[in-house]
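Coordinates in review
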Amino acid sequence: MRVAFLGLGRMGVPMAQHVLKAGHELVVWNRTPGKAGDLVAAGAQEAKTPGDAAAGADAAVLMLFGPESVRAVLPEVARDGLLIIDGTTIGPEAAREFGRLAKSKGARYVDAPVAGSVEPATAGTLGVLAGADESDWADAQQLLHLWGDPERVRRIGPVGSGSALKLVVNQGLGVLAAGLGEALLMAGQLGLDREVVLDVLEQGAYGFTVKQKRELLAKGDFTATRFSVDLLAKDLALAVNATRDADLEVTSAALSAALRTIEAGHSGEDYASVIGHLADEGEANSH
Ligand SMILES: NC(=O)c1ccc[n+]([C@@H]2O[C@H](COP(=O)([O-])OP(=O)(O)OC[C@H]3O[C@@H](n4cnc5c(N)ncnc54)[C@H](OP(=O)(O)O)[C@@H]3O)[C@@H](O)[C@H]2O)c1
């Protein structure tokens, strides 16, 4: 297969490596040049535009920031006969819009956001939550299995359904981060020792987040980014806006915590900065 891969961010690069390793021809593109070095050294070609990357390809994979970035490149990419796999987290409404746009140009579109971060992307063990027409599923799986754990590559339903579930998943991530930050703020105010508190929380409801982010919290340095606070804010905003008839108060509070963390200067850092910002900077403000 000849595969175009668009978007060489933290997730895109390791995912694209799997395309090469499987022996497919790979053409890559990134908005900002200079990200393709390792892939080109491993045998990929670099295209100057999204359209050039997709020309002559059997499939195109998008791994961009969010719906706006997909909207910026998809019209140039979609063309007759192309299978488009969109790994970007974009929400269900945008996925359906992009599905229609692709179809109008004779292309097939599958939304396939991923669960897991840079390490599973590198290992090829991501979860994949896909929305696809049944008739496209067999072909889509050939690509999705390159970076996904076969047991966790799932077709949730039609186009848009994978993106809907992905927002539900990341709602949890964001609420846990904000909740843990506030729990640590509260613990500090109550005069409790941070390490003892984390030892106990690690065994309870916050266990997942504490285990993943304890090292960064101990350092108080969130620049070793895996999933950025900017991506979290994007996903929580998509979640809040995805439901018209429900007021998602808790999700909105988590979104505002992420936005306050960005405003405080943590843009580009790991989303664990939300925990640190609420716990420590909240504490500083209270003195
Ligand atoms: N990181 C994670 O742990 C993780 C886990 C699961 C899902 N995801 C999702 O996977 C996607 C990629 O995540 P990531 O961590 O790889 O993000 P990232 O490192 O921030 O990379 C974002 C990519 O999008 C490109 N981009 C941004 N705006 C664009 C625009 N307007 N037009 C064209 N390209 C644009 C960037 O290009 P430039 O280099 O030019 O900025 C870059 O290649 C996101 O949707 C994210 O929510 C991430």
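Scoring rules and cut-offs
- Residues numbered from 1 in each chain as written.
- Predicted model: local features only at pLDDT ≥ 70, side-chain atom pairs only at ≥ 80, totals over all residues.
- Heavy atoms only, no water.
- Phe/Tyr/Trp six-rings, centres within 6.5 Å; stacked < 30°, edge-to-face > 60°.
- Helix = DSSP H or I, 4+ residues; strand = E, 2+ residues; numbered from the N terminus.
- Buried < 20%, exposed > 50% of the residue type's maximum accessible area, 1.4 Å probe, protein only.
- Lys NZ or Arg CZ within 6 Å of the ring centre and 35° of its normal.
- 1 Å grid on protein atoms, 1.4 Å probe; cavity = no way out; pocket = protein on both sides within 12 Å on 5 of 7 lines; lining within 4 Å.
- Points joined across faces, edges and corners; volume = space filled by probe spheres on them.
- Nonpolar A, V, L, I, M, F, W, Y, C, P; charged D, E, K, R; others polar.
- Domains from an automatic or database assignment.
- Contact = heavy atoms within 4.5 Å.
- Buried area = accessible area lost by both parts, 1.4 Å probe.
- Salt bridge = Lys/Arg side-chain N within 4 Å of Asp/Glu carboxyl O.
- Polar contact = N/O pair within 3.5 Å; in protein donor to acceptor, adjacent residues only side chain to side chain.
- Near = heavy atom within 4 Å.
- Areas by Shrake-Rupley, 256 points an atom, 1.4 Å probe, with all protein chains shown as cover.
- Sits in = over half its atoms within 2 Å of the grid points.

Before going further, it helps to examine the packing of aromatic side chains. Tallied over the full model, the rule gives 3 aromatic pairs. Each ring, one from phenylalanine 5 and one from tryptophan 147, has its centre 6.3 Å from the other, and the planes form 80 degrees; the classification is edge-to-face. Within this pair, whereas phenylalanine 5 is found in strand S1 (residues 2-6), its partner tryptophan 147 is found in helix H7 (residues 134-147), the two being separated by 142 residues in sequence. Each of the two residues, phenylalanine 5 as well as tryptophan 147, counts as buried. Each ring, one from phenylalanine 227 and one from tyrosine 271, has its centre 5.7 Å from the other, and the planes form 70 degrees; the classification is edge-to-face. Placement of phenylalanine 227 in the loop between helix H10 (207-219) and helix H11 (229-242) and of tyrosine 271 in the loop between helix H12 (249-266) and helix H13 (273-285) is noted, with a sequence separation of 44 residues between them. Taking the relative accessible area as the measure of exposure, phenylalanine 227 reaches 16% and is therefore buried. Positioned above the aromatic ring of phenylalanine 65, the side-chain terminus of lysine 234 is 5.7 Å from the ring centre.

The subject of this paragraph is the layout of surface pockets. When its volume is computed, the largest pocket comes out at roughly 1300 Å³. For the lining of the largest pocket, the secondary structure elements donating two or more residues are helix H4 (67-77), strand S7 (114-115), helix H6 (118-123), helix H8 (161-189), H10 and H11. Of the residues forming the lining of the largest pocket, the biggest block, 7 residues, is contributed by H10. Here the lining of the largest pocket is composed, by residue class, of 19 nonpolar, 15 polar and 15 charged. When we break the lining of the largest pocket down by domain, the ones giving at least three residues each are domain 1 (2-158) and domain 2 (165-285).

The subject of this paragraph is the domain arrangement of the chain. We note that the domain assignment places domain 1 (2-158) and domain 2 (165-285) within the chain. Put simply, the middle of domain 1 and the middle of domain 2, counted by C-alpha atoms, are 29 Å apart. Counting from both sides, the interface comprises 17 residues of domain 1 and, opposite them, 14 residues of domain 2. Taken together, the two surfaces of domain 1 and domain 2 that pack against each other cover about 1200 Å², and 66% of this comes from carbon and sulfur. At the boundary of domain 1 and domain 2, one finds 2 salt bridges. Across the contact surface, domain 1 and domain 2 share 6 residue pairs in polar contact (both at pLDDT 80 or more). Every element with two or more residues in the side of domain 1 that touches domain 2 is listed here: helix H5 (92-104), S7 and H6. Here the residues of the side of domain 1 that touches domain 2 sort into 10 nonpolar, 4 polar and 3 charged.

Our focus in this paragraph is the site of the ligand. Around the ligand, the surrounding shell holds 25 residues, and the nearest of these are Met11, Asn30, Thr32, Lys35 and Ser117. Within the side chain of lysine 35, a nitrogen or oxygen atom sits 2.7 Å from an oxygen atom of the ligand. Between threonine 89 and the ligand, the recorded distance is 2.9 Å, taken from a backbone N or O atom to an oxygen atom. Burial of the ligand by the protein amounts to 88% of the accessible area it has alone, namely 900 Å². According to the grid-proximity analysis, the pocket containing the ligand is the largest pocket. Top contributing element to the shell around the ligand by residue count: H11, with 3 residues. Its residues assigned to classes, the shell around the ligand comprises 9 nonpolar, 9 polar and 7 charged. Viewed by domain, the shell around the ligand spans two of them, domain 1 (2-158) and domain 2 (165-285), each represented by three or more residues.

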